[in-house]
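Report on the structure
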Amino acid sequence: MTSRRDLISRFSAYSPHVDPLPIELAWDFAEKAHARQSRASGDPYITHCAAVAESLVDWRMDLPSVCAGLLHDTIEDTATTEAQLRAEFGEEIAMLVLGVTKIDALKFESRDDAQAENWRKMLLATAKDIRVIVVKLADRLHNMKTLTYLRPDKRERIAAETMALYAPLSHRLGMFKLKSELEDLSFSYLHPAEFAEIKSKVDARLAQSEKRLEAARAEIEKVLSGGDIPCRILARTKTLWSIYKKMERQKKPFEEIQDALGVRLITDTVANCYALLGIVHTHFRPVPGTFTDYISTPKLNLYRSLHTTILSAAGDAVEIQIRTEEMHRSSEYGIAAHWRYKTGEQAKDANLEEKMNWLRQWMEWLQDLNSPREFLDSLKTDLEFHQVFVFTPAGEVKVLPEGATPLDFAYAVHTQVGEACVGAVVNNKMVKLDHPLKSGDICRIVTRKGSTPKKDWLTLARTARARSKIRHWLRERGLIE
Ligand code: MN
């Protein structure tokens, strides 16, 4: 377990101008409040509080978040009151602890609708402060790491919930490292036999692939060492869960799953990312169709990198991701990497507003949804689909899932535009309302006053937003159930 002193010195390392005294106080407060409690493992309860705070420090969260991590179970599990926390630690920290407590109070009974309903309420209730969700994720991570001490039925329920809700959420927040960790932990409890099998096979294969990876790495290093672009090279390994999913999806045994080697090149500036890409493509044969530029068009969850696959001299396909240090941090820690502006020691991130925008937008969509089923579907859709970037005639870009139609676009522009939509002009050509939009399309929606949504639109629209708006309109007029 991390000590109080370790935690504070690690926090101060990235927040030199913040007085860490509240962390010290919060630690002592939590230790005292939980004094008579222990974890299922038999460890003193404070070990859990410390582990949660430690994750938050790993993710470089701000002072109130770290304090809330230490205090997160005090209201729920001890005699501590909200008023007490407010008096001792102030409004902000008390509010964060209360937010986490509210989430904990929601019981996810079933795997499906009821769970999604609670989940949705939770998100809506806490959307005001994303830090509540980040603290909750740190809490869940430690609970997953200590799941072995619980009863088997409880273990399975919590693992299933983590897989269905928390792993996708961390993905959505761009916290990829956490997502992989949660998935592999859940996997080990949900499918123990498959997990053990893949793990032993991966370990066995590792020795061999490590040699090949090292060879490819050395080749790339040699090519790059000639130039004067700063660059460090990291090896990348697949998670056990992603291998399992691939086996399921492709219906292939482990042995037939292609073991692509992965390498990350990390440099200082965006210009150098493209420079590195140029060097790599000059010296190695790129595999056609594998290049994707997530720097000029980031994913919805803010992920940015250049992706390409090349062939090494030995004929191995090597997946390469090129990014700056900042992008690397973002992709490991996601939204948490952007949260520090509040500490005041750093200039406010100029893009922060933009970065937070998608989250707000997402929350907005959720509010429009009526049933848990719709919500669950939308969550899946929004997570799994690839994206297209479509422009309004004025040059404003709308991000839509792949396969989105002009109807989705119309509703993305404005609900009233969607409702009065009678046609669409894409790249100066009239198209049907089921026309799939592509990235770079310029789309103009034709509206007519008094025109209204049709029932068959529900089959034409692909996005959760458009479908829920259409359904809402039809339902209000009794045209559907
Ligand atoms: Mn907890």
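Note that the structure is a prediction, hence the values are computed from the model and not measured. (Residues numbered from 1 in each chain as written. Predicted model: local features only at pLDDT ≥ 70, side-chain atom pairs only at ≥ 80, totals over all residues. Heavy atoms only, no water.)

Broken down by element type, the chain carries 21 helices and eleven strands. Evaluated residue by residue, the chain yields a buried proportion of 49% over its 481 residues. Counting only contacts in the chain whose residues sit at least 6 apart along the sequence, the fraction spanning at least 24 positions is 66%. Of the roughly 23,100 Å² of accessible surface on the chain, 51% is carried by carbon and sulfur atoms. (Helix = DSSP H or I, 4+ residues; strand = E, 2+ residues; numbered from the N terminus. Buried < 20%, exposed > 50% of the residue type's maximum accessible area, 1.4 Å probe, protein only. Contact = heavy atoms within 4.5 Å. Areas by Shrake-Rupley, 256 points an atom, 1.4 Å probe, with all protein chains shown as cover.)

What follows is about the packing of helix α12 (residues 192–225) against helix α13 (residues 240–250). Their axes nearest at 10 Å, the elements α12 and α13 cross at an angle of 105°. Classed by the angle they form, the pair α12 and α13 counts as roughly perpendicular. Within the contact between the two elements, α12 uses Glu194, Phe195, Ile198, Lys199 and Val202 and α13 uses Leu240, Ile243, Tyr244 and Met247. Partitioning the contact of α12 with α13 into residue classes produces seven nonpolar, no polar and two charged. (Axes fitted to C-alpha atoms, helices over the stretch in contact; angles between N-to-C directions. Parallel < 35°, antiparallel > 145°, perpendicular 65-115°, else oblique. Nonpolar A, V, L, I, M, F, W, Y, C, P; charged D, E, K, R; others polar.)

With respect to topology, three strands assemble into an open sheet ordered β10-β9-β11, the strand pairing being antiparallel. Two strands lie at the open edges of the sheet, namely β10 (429–431) and β11 (443–447), each paired on one side alone. With strand direction ignored, the average angle separating the axes of adjacent strands in the sheet is 35°. Here three bridges tie strand β9 (residues 421–426) to β10, and the two strands are oriented antiparallel to one another. Of the residues in β10, the one forming a bridge with Ala424 is Val431. Docked against the sheet, helix α18 (residues 406–413) engages β9, β10 and β11, running at close to 80° with respect to β11. (Pairing = 2+ DSSP bridges.)

A few words on the coordination of the manganese ion. Looking at the manganese ion, the protein donor atoms are His48 (NE2), His72 (NE2), Asp73 (OD) and Asp139 (OD), and they sit 2.2 to 2.3 Å from it. Sequence spacing of the donor residues for the manganese ion, all on one chain, is H-x23-H-D-x65-D. Remark: Asp139 occurs in helix α9 (residues 130–145) and His72 occurs in the loop between α4 (63–71) and α5 (74–77); sequence separation between them is 67 residues. As far as burial versus exposure is concerned, His72 and Asp139 are alike and both buried. (Donors = N, O, S within 2.8 Å, 3.2 Å for Na, K, Ca; no water.)

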